[in-house]
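# Overview (structure and organization)
Here are the chains, one letter per residue:
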Amino acid sequence: MSEAMLRYEKLAAELEGMMADGALRHGDRLPSVRRLSVERRLSVSTVVQALRQLEDRGLVEARPQSGYFVRRPGPARAEPAQRSTPEMAVPVDVSQRLVRVLQAGCKPLVAPLAAALPAAELLPLAALQRLYASVARRHPKLLEGGSHINMDEPALVRQLVLRSLAWGGPLAGDEIVITNSCTEALGLCLRAVTKPGDTVAVESPAYYLMLQLLETLGLKALEIPTDPRTGLSVEALELATRHGGIAACLLVPNASNPLGCVMPDEKKRQLAALTAARGVPVIEDDIYGDLHFGPRRPWPIKAFDTSGNVMLCSSFSKSLTPALRIGFVAAGRYRSAIALQKTITSGATNPITQHVLAEYLESSAFERHLRTLRRSYERQVDSMQAAVSRYFPAATRMSQPQGGYVLWVELPEEFDTTALYERAIGENIAYVPGELFSPSGMYRNCLRLNCGNPHSPEIDDAVRRLGAVIVSA
């Protein structure tokens, strides 16, 4: 049983004990979900799962607009009351705070520990520049005209299919839509399968850009407990989707941001089967899949999808350069809806860049580059972990990333990383406060650090100074 599962089981047991000894009696109103979440330092979804477990046992009942109440002793109901929208879903409101944080982190002289961007010296920029010149010279008509209808270049689609052959469930060329980024791909998928007011299940903590997308589209977020090593709890997702109300899942199963965890294959298989059986579309962000630290590339959930229910989104912004602005979605049975959304919102994706990327992927240079890049990122994460261990408070805990280049740091509970942020910026140090990874405002004692730069003396000094800011708080 995962740590997240143990937390809600423990809370349910404590509340049941209070009922057994008379501290909570028939008709008593339980503390609100929000209050239990804050006081117990649990996610909203964990609290609601505990309450739902008690509801399944017939110990409590939910009253609309009022909360949970202790029921009169009697036989447990076979099924809890059905809900069209899970009570633990919350509106998302992170964009304004996030924009301020990221803008402050991009100012000159500020140590680049916030935005998850790779260092330019790690990327094959010169090779890509040569390819751009060569493609433009050999295919001059690519610069002519334009179309609002999205036209995917066959050469790039073919390379994406070939790269998926090792997954056990290769992509089909006719399900692929080329996009302007992974972010656009995620947004197109959400538009295709949700409407404003719907609830989308996300990991907790969740990548803040995904939360921004939900906010922009008027969607609610349902936080699902997530293990820092094995990823999202499939057991918790099963509970959350048992009675409907979830329009989609938006997940990063491989080297998730911010934890860096990789979901085991068996859990991916279970998740694919569960969501397909319950008609819940899965939108999968696999942007970090190629940046694994292990000996083999982890398969995406898409590899276990037998019904076209999983939409696989990715790009090459983390492995080649963010400036390419090329992503894709392998859309399964949602291909037509997503292609229509693409046509409406942005039309054709730059054909020259599609040709450049196809030729680079076709060469052996890309795999050589990936091998070097993975080693660099792993060293940089290790170096950041060592620096945090040296300079942060003794009780600090860190994630153990299995890929990517971000580090999740958990400070002792008395620290508030949002409150500390202005002081850190005053010292020319940036990071992303933990509460921006939670629509319910959890993780205020956590922060995320970017490890995309070689661990230079300047980076080490920035971590030292950030540690001093924290210790002196």
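Look above for the structure.
First things first, this report covers the structure right here in the doc. (Residues numbered from 1 in each chain as written. Predicted model: local features only at pLDDT ≥ 70, side-chain atom pairs only at ≥ 80, totals over all residues. Heavy atoms only, no water.)

### Here we look at the overall build of the protein
Filter applied, for reference: Note on conventions: DSSP H or I runs of at least 4 residues are helices, E runs of at least 2 residues are strands, and numbering of each starts at the N terminus. The atom set for the radius of gyration is the C-alpha atoms, and the globule formula is 2.2 Å times the number of residues raised to the power 0.38. With a 1.4 Å probe rolled over the protein chains alone, any residue whose accessible area is under 20% of its type maximum counts as buried; one over 50% counts as exposed, and the rest are partly exposed. Contacts: residue pairs with any heavy atoms within 4.5 Å of one another. Reported accessibility uses the Shrake-Rupley method at a 1.4 Å probe radius. Residues are deemed covered only where the shown protein chains occlude them. Positive: Lys, Arg. Negative: Asp, Glu. His and the chain ends are not part of the count. Taken as the charge centre is NZ of Lys, CZ of Arg, CG of Asp or CD of Glu, depending on the residue.
What the protein contains, in helices and strands, is 15 helices and 15 strands. Expected size for 473 residues packed as a compact globule is a radius of gyration near 23 Å; at 23 Å, the protein falls within 12% of this value. For the protein, the C-alpha atoms occupy an extent of roughly 80 × 55 × 40 Å along the three principal directions. Every one of the 473 residues in the protein was classed for burial, and the buried ones make up 57%. Counting only contacts in the protein whose residues sit at least 6 apart along the sequence, the fraction spanning at least 24 positions is 75%. Carbon and sulfur atoms make up 53% of the accessible area of the protein, which amounts to about 19700 Å² in all. Distance from the positive charge centre (53 side chains) to the negative charge centre (49 side chains) of the protein: 1 Å.

### A short note on the pattern of salt bridges
As a reminder of what qualifies: For this document, the term salt bridge refers to a Lys or Arg side-chain nitrogen within 4 Å of an Asp or Glu carboxyl oxygen.
Summed over all chains, the structure comprises 20 salt bridges. The salt bridge involving arginine 163 is made with aspartate 290; its shortest N-O contact spans 3.5 Å. With arginine 163 in helix 6 (residues 154-163) and aspartate 290 in the loop between strand 9 (282-285) and strand 10 (310-315), this residue pair connects regions lying 127 residues apart in the sequence. Where salt bridges share partners, they join Arg163, Asp286, Asp290, Arg297 and Glu367 into one cluster.

### Notes on the sheet that holds strand 14 (residues 432-433)
How we decide: Two strands make a pair as long as DSSP finds a minimum of two bridges between them.
If you trace the four strands from one edge of the open sheet to the other, you get 12-13-15-14, paired in antiparallel fashion. Here the strands that pair on one side only, and so sit at the sheet edges, are strand 12 (397-398) and strand 14. Bridging between strand 12 and strand 13 (residues 406-410) involves two bridges; their strand directions are antiparallel. Residue pairing for strand 13: methionine 398 is matched across the bridge by valine 409.

### Here's the deal with the environment of leucine 250
Following the sequence through the fold, leucine 250 ends up in strand 8 (residues 248-251). Separated by 156 residues in the primary sequence, leucine 250 and valine 94 place their C-alpha atoms 17 Å from one another. Ignoring any residue separated from it by four or fewer positions in sequence, one finds leucine 250 in contact with Leu186, Leu190, Val200, Ala201, Val202, Glu203, Met210, Leu214 and Ile283.

### Looking at a positive patch on the surface
Where we set the bar: Like-charged residues within 9 Å of one another, or nonpolar side chains (Val, Leu, Ile, Met, Phe, Trp, Tyr) within 5 Å, are grouped into patches, provided each residue has over 30% relative accessible area and no salt bridge.
Among the surface-exposed residues, Arg368, Arg371, Arg375 and Arg379 lie close enough to one another that they form a single positively charged patch. The topology assignment puts arginine 368 in helix 13 (residues 365-391). Note on arginine 368: relative accessible area 45%, which makes it partly exposed.

### A look at the packing of aromatic side chains
What counts here: Between 30 and 60 degrees the pair is tilted, below 30 it is stacked and above 60 it is edge-to-face, where a pair is any two Phe, Tyr or Trp rings, Trp via its six-membered ring, whose centres lie within 6.5 Å.
In this structure the tally under the stated criterion is ten aromatic pairs. Plain terms: the ring middles of tyrosine 207 and tyrosine 208 are 5.0 Å apart, the flat faces sit at 45 degrees to each other, and that makes the pair tilted. When sorted by exposure, tyrosine 207 lands in the same class as tyrosine 208, which is buried. For the pair tryptophan 299 and phenylalanine 304, a centre-to-centre distance of 5.7 Å together with 45 degrees between the ring planes defines the contact as tilted. Clustering of aromatic rings is evident, with ring pairs tying together Tyr207, Tyr208, Trp408, Phe437 and Tyr443.

### Brief notes about the packing of helix 13 against helix 15 (residues 457-471)
Cut-off, in case you're wondering: To obtain an axis, a line is fitted to C-alpha atoms, over the contacting stretch when the element is a helix, and the angle between two such axes runs from 0 to 180 degrees between their N-to-C directions. Crossing handedness is read from the near helix: turned anticlockwise from the far helix by less than a right angle, it gives a left-handed crossing, and turned clockwise, a right-handed one. Residues are sorted three ways: Asp, Glu, Lys and Arg are charged, Ala, Val, Leu, Ile, Met, Phe, Trp, Tyr, Cys and Pro are nonpolar, and all the rest, Gly among them, are polar.
Interaxial distance between helix 13 and helix 15 falls to 9 Å at its minimum, and their mutual angle equals 35 degrees. Crossing angle aside, the handedness with which helix 13 passes helix 15 is right-handed. Residue-level contacts link Met384, Ala387, Val388, Arg390 and Tyr391 of helix 13 to Ile459, Asp460, Val463, Arg464, Gly467 and Val471 of helix 15. Here the contact of helix 13 with helix 15 is built from residues that sort into seven nonpolar, one polar and three charged.

### Some points on the layout of surface pockets
How we decide: Using protein atoms alone on a 1 Å grid, points that fit a 1.4 Å probe yet trap it form a cavity, whereas open point sets bounded by protein on both sides within 12 Å along at least five of seven lines form a pocket; residues with an atom within 4 Å of a point count as lining. Grid points are joined across faces, edges and corners, and a volume is the space filled by probe spheres set on the points.
There is about 980 Å³ of room inside the largest pocket. Along the walls of the largest pocket sit 36 residues, with Arg41, Arg397, Glu410, Tyr443 and Cys446 positioned nearest its centre. Of all the secondary structure elements, the ones that give two or more residues to the lining of the largest pocket are helix 1 (3-20), helix 2 (33-40), strand 6 (220-227), strand 12 and strand 13. For the lining of the largest pocket, the element with the most residues is helix 2, which contributes four residues. Along the lines of polarity and charge, the residues of the lining of the largest pocket split into 13 nonpolar, ten polar and 13 charged.

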